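Take a look at the letters that make up each chain.
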Amino acid sequence: MKSIKKIIVLLIVIVLAAAYSFVDNTENMYDVSNEDTNRYVSTGPIYKDTFSIPVVPHENSLDAVSLKSGIVGDVSNVTVKYRLLDAKKNIVAEGSVAASEIEDRKQYKYSFEKVENCKDRQYYFEICEENASEENGVTFYYDPQDNMKQPIEVMGEKAEGAVIAKLVTHRFDLKTFVIVLCFVAYLVGFTKILYKLFK
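Quantities reported herein were computed from a predicted structural model and do not represent experimental measurements. (Residues numbered from 1 in each chain as written. Predicted model: local features only at pLDDT ≥ 70, side-chain atom pairs only at ≥ 80, totals over all residues. Heavy atoms only, no water.)

Novice: Hey, could you run me through the environment of Asn117 in this one?
Specialist: Relative to the helices and strands, Asn117 resides in the loop between β7 (106-116) and β8 (123-130). Given a relative accessible area of 56%, Asn117 falls into the exposed group. A C-alpha to C-alpha distance of 5.9 Å links Asn117 and Ser61, two positions 56 residues apart in sequence. Not counting the four nearest positions on each side in its chain, Asn117 is found in contact with Asn60 and Tyr123. (Helix = DSSP H or I, 4+ residues; strand = E, 2+ residues; numbered from the N terminus. Buried < 20%, exposed > 50% of the residue type's maximum accessible area, 1.4 Å probe, protein only. Contact = heavy atoms within 4.5 Å.)

In structure tokens, the structure reads:
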């Protein structure tokens, strides 16, 4: 009976550890080792046309694109709309968010329905803003001196730089799973040692 209970507890621990191990894995689109943020260029609010970024994921799936975003003026009526296009410019995924939900100068995760089988394929992430103006809206950032720079397009104008962004994939992470199991094993072992010492 005790062995059955132990097996049940072990299975519960494994299931909980597995559930906890589904995390957001990120892939940087810029050189994070560079700490000189003075090099960053602001796009300004995207009040016309779009902000277009080439994207090539190195994971098998993609759940979001996280961009450093800034608030300009009054954004109470501004909505940020975004979409992921394939190489033929067909819409693969899309979404929207009220600009008031975005924190100034923070990374914001622009989520969409999971895109599968996207590893090493060419995509374009496009952003536009409803009710934005030159004085009111959400701005984004890129580094024209970054060694990961690539062609981008800001409101119809071509530019070059590494967008301060990350590709986000929500998936099972084996490393996290192993760490969680090791931590549980450590707690169990430590508890047993304390129990023997104070018994």
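Continuing now.
Novice: Even after reading the chapter, I still don't get unusual backbone geometry, so can you show me in this structure?
Specialist: What you tend to see is this: most non-glycine residues have negative phi, and most peptide bonds are trans. Not every positive phi belongs to a glycine, and Asp120 is a case in point at roughly 60 degrees. The phi dihedral of Met155 is positive, around 50 degrees, even though this residue is not glycine. Turning to its location among the elements, Met155 is positioned in the loop between β10 (150-154) and β11 (157-163).

Novice: Where do I start with the pattern of salt bridges in this structure?
Specialist: Opposite charge on two side chains makes pairing possible when the charged atoms of those side chains draw close. Applying the stated criterion to the full structure yields six salt bridges. When the shortest N-O distance is used, the salt bridge between Glu130 and Lys81 registers 2.8 Å. Of this pair, Glu130 sits in strand β8 while Lys81 sits in strand β5 (residues 79-86), and the two are 49 residues apart along the sequence. Among the residues examined, Glu130 registers a relative accessible area of 35% and is labelled partly exposed. For Arg83, the salt bridge identified is with Glu126, shortest N-O distance 3.2 Å. (Salt bridge = Lys/Arg side-chain N within 4 Å of Asp/Glu carboxyl O.)

Novice: In this structure, what is going on with a nonpolar patch on the surface? I would like to understand it.
Specialist: Among the surface-exposed residues, Phe183, Tyr186, Leu187, Phe190, Ile193, Leu194, Leu197 and Phe198 lie close enough to one another that they form a single nonpolar patch of about 890 Å² accessible area. Mapped onto the elements, Phe198 comes out in helix α2 (residues 174-198). (Patch = residues over 30% accessible without salt bridge, like charges linked within 9 Å, V, L, I, M, F, W, Y side chains within 5 Å. Areas by Shrake-Rupley, 256 points an atom, 1.4 Å probe, with all protein chains shown as cover.)

Novice: So what exactly am I meant to see when it comes to the environment of Ser42 here?
Specialist: You can see Ser42 is positioned in strand β2 (residues 41-42). In sequence terms Ser42 and Phe140 are 98 residues apart; their C-alpha atoms lie 5.7 Å from each other. A polar contact is formed between the side chain of Ser42 and the backbone nitrogen of Gly44, at a distance of 3.2 Å. One polar contact links Ser42 to Thr139, side chain to side chain, over a distance of 2.4 Å. (Polar contact = N/O pair within 3.5 Å; in protein donor to acceptor, adjacent residues only side chain to side chain.)

Novice: Even after reading the chapter, I still don't get the side chain of Thr50, so can you show me in this structure?
Specialist: With respect to the helices and strands, Thr50 occurs in the loop between β2 and β3 (51-55). Owing to a relative accessible area of 16%, Thr50 belongs among the buried residues under this scheme. Setting aside residues up to four positions removed in sequence, Thr50 forms contacts with Glu126, Ile127, Cys128, Glu153, Val154, Met155 and Gly156.

Novice: What exactly am I supposed to notice about the nonpolar core here?
Specialist: Generally speaking, soluble globular proteins have nonpolar side chains that are buried together. Formed by 34 residues in total, the largest nonpolar core has its most connected members in Phe51, Leu67, Tyr110, Phe112 and Phe125. With residues up to four places along the chain from it excluded, the contact list for Phe112 reads Leu62, Asp63, Ala64, Val65, Tyr82, Leu84, Ala93, Glu94 and Phe125. Tyr30, Tyr40, Tyr141 and Ile164 belong to the second-largest nonpolar core, a separate cluster that totals five residues. (Core = buried A, V, L, I, M, F, W, Y, C linked by side-chain atoms within 4.5 Å.)

Novice: Looking at this structure, how should I read the packing of aromatic side chains?
Specialist: The geometry of an aromatic ring pair is captured by two quantities: the separation of the ring centres and the angle between the planes. In the structure shown here, the tally under the stated rule is six aromatic pairs. A centroid spacing of 5.4 Å and a plane angle of 75 degrees characterise the contact between Tyr82 and Tyr110, whose relative ring orientation is edge-to-face. Placement of the pair is Tyr82 in strand β5 and Tyr110 in strand β7, with a sequence separation of 28 residues. Across this residue pair, the class does not change: Tyr82 and Tyr110 are buried. Considering the side-chain rings of Tyr108 and Tyr110, the 4.9 Å spacing of their centres and the 70 degrees angle between planes classify their relative orientation as edge-to-face. Through a chain of ring-to-ring contacts, three or more aromatic side chains come together here, namely Phe51, Tyr82, Tyr108, Tyr110, Phe112, Phe125 and Phe140. Above the face of the Tyr141 ring, Lys68 is positioned so that its terminal group lies 5.5 Å from the ring centre. (Phe/Tyr/Trp six-rings, centres within 6.5 Å; stacked < 30°, edge-to-face > 60°. Lys NZ or Arg CZ within 6 Å of the ring centre and 35° of its normal.)

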